[in-house]
Amino acid sequence: MPNFTFDAGLLNPLSHGTRESELTSDQAWLQAMVDAELALTRALVDAELAPEWMLAVCDALADASQFDLGAIAVEARGGGNPVIPFVKHLGRAAERVRAGASDHLHVGATSQDILDTAAMIVARKVICDLIHQLDSFGADLAALADEHRGTVMSGRTLGQQASPTSFGFVAAGWLDAVLLIVTRLEGIRDSLPVQLGGAVGNLSVLTEIARARRSETPASEVLDTVLERFADHVGLVVPRLSWHTNRVVISELASVLAAATGVAGTFALDVSVLSRTEIAEVSERLAPGQGGSSAMPHKRNPVSAVLITAAALQTPGLASTLYGSMLAEDQRPSGAWHAEWQSLRVLERLTISAVTGAASLVARLDVDPDRMRANLDLTDGLVFSERVTTILAETVGKTTAFALVERASQEAFATNRPLQVVLASILITEGCSDELRAQIWAAFDYEGQPGQSAGGIDRVVHAFRQRADAVARRARAATSTDMVEGDSAQVGAPARSNNARSNNARSNNDVRTA
């Protein structure tokens, strides 16, 4: 009997070779739910609202693989979300570790608190992986921009050859988009909040517990400690207020994920176009057996570019659903929150696949400068029409210059003659000076950088390399800090600090990979 629950990615080949499944699978989400629940319990211990011995219970429960994922999934149908059955499974496991332990789990929380916090834990890991992949993508783009700053090619608008540019400038444009999206991702990563509000978001249960168990301390101070420690244990931030129906966090996350996929997709679409047989200016380096067709033996399809583009085409609809879920009524909405779960996960998966695919594709991109130059020659100089119009306008005026070059371009196209030759004849007829005609003739030259291409490439590549240096410095500093903390732990740091540190280290590992 086949296993109908197993998803091998049959219809998502781009996912293979990525961390998509590792970071967003049901098992990954269950682990994030475990992390959220246990972080809350540890925070209660930190705030002296739960006994110290619960730390050992938390350690025993920390691995989500001990829980029956399939059973939890099936039982989730009964309550409408997976947290309800999960808490029961967690409680039973806690009781097996120590009698009475379940009393200190899920205290003051509601299902949305746990699932939203789990979503932020997953999102943070996803974003860290995306930043890592984008840094790799950017490094290769920076190298392309530098190497090909003088590689002339045709700039194209509306599918037609327009004016000369350089492939280095095109690559710098892709790189600039990468830099912009990395900055946005870092901002989102560093602002993802925990969720903790209880049934209607006002922390009423935890307030009563704080008053009963810490009567000598204002409840607000105790709860501040709970929130701060809860956030610290999972590597998130403390929100000003619970956000059960304020879904700006989710919509902003959706926006940046869709934009990241769009950045990868734009690059991939350009590669697809430039790989066309009749253009053939770039190509995807394919391994044996890749890029083939089931019908045509000769095909060498740009498969990665096609799949990345397909991923990018799917993300706007998912982002739209997540924006629609901002319409959340009361203190817990009827369906809007639930509509986020799958939409967010699929969006994260597509983004991981697209960005990882783009990072792989750019490393295997072959560039053909000779073909770029040959394609420029196809128009017999028409690609220089803008340039010569601009030079001519300085002497005869913009309107007259445009009319002269337009007339020459039409004649050149109709007679299949070079624009340079046709325009030279017209300028003689118009009585233009020898000096001006010589200047126009010399303008039909591919050499040199058009416009401010060189400066633009320099600015973008410099900005990327500054960022790369900063990332390397942070990584070295983090490694140094870990070594110091490791030495401190060996000489007998308190047990509670060790627990907090181990949890923070798990979260901070994601930061260092970025």
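Residues numbered from 1 in each chain as written. Predicted model: local features only at pLDDT ≥ 70, side-chain atom pairs only at ≥ 80, totals over all residues. Heavy atoms only, no water.

> Looking at this model, I keep getting lost on the packing of helix α2 (residues 26–46) against helix α6 (residues 111–147). Mind explaining?
The description of two packed helices rests on the angle between their axes and on the distance between the axes. In contact at an axis separation of 8 Å, α2 and α6 are set at 120° when each is read in the N-to-C sense. Here α6 runs oblique to α2, going by the angle between their axes. In this structure, the crossing between α2 and α6 has a hand that is right-handed. Where α2 approaches α6, its residues Ala28, Trp29, Ala32, Met33, Asp35, Ala36 and Glu37 are matched on the opposing element by Ile114, Leu115, Thr117, Ala118, Ala119, Ile121, Val122 and Lys125. Across the contact of α2 with α6, the residue classes tally to 11 nonpolar, one polar and three charged. (Axes fitted to C-alpha atoms, helices over the stretch in contact; angles between N-to-C directions. Helix = DSSP H or I, 4+ residues; strand = E, 2+ residues; numbered from the N terminus. Parallel < 35°, antiparallel > 145°, perpendicular 65-115°, else oblique. Left-handed = near helix turned anticlockwise from the far one by under 90°. Contact = heavy atoms within 4.5 Å. Nonpolar A, V, L, I, M, F, W, Y, C, P; charged D, E, K, R; others polar.)

> What should I look at first to understand the confidence of the model for the protein in this one?
On average, residues of the protein score 90 in pLDDT, and 90% of them are at 70 or above. The model gives residues 491–514 a pLDDT under 50, and that stretch makes 40 contacts with residues more than four places away or in other chains. (pLDDT = per-residue confidence, 0-100.)

> Could you clarify how one ought to interpret the layout of surface pockets in this entry?
Once rolled over the atoms, a probe with the size of a water molecule shows which space is left empty. Estimates place the volume of the second largest pocket at around 640 Å³. Lining the second largest pocket are 26 residues, with Gly155, Arg156, Thr157, Gln160 and Gln161 positioned closest to its centre. Taken together, the elements giving at least two residues each to the lining of the second largest pocket come down to β1 (152–157), β2 (160–166), α10 (248–274) and α15 (398–415). For the lining of the second largest pocket, the per-class residue count stands at 10 nonpolar, 12 polar and four charged. (1 Å grid on protein atoms, 1.4 Å probe; cavity = no way out; pocket = protein on both sides within 12 Å on 5 of 7 lines; lining within 4 Å. Points joined across faces, edges and corners; volume = space filled by probe spheres on them.)

> It is not clear to me how the environment of Gln112 should be interpreted in this structure. Could you clarify?
Counting through the fold element by element, Gln112 comes out in helix α6. With a relative accessible area of 0%, Gln112 lands in the buried category. Setting aside residues no more than four positions away along its own chain, Gln112 makes contact with Thr117, Gln195, His244, Arg247, Arg332 and Trp337. (Buried < 20%, exposed > 50% of the residue type's maximum accessible area, 1.4 Å probe, protein only.)

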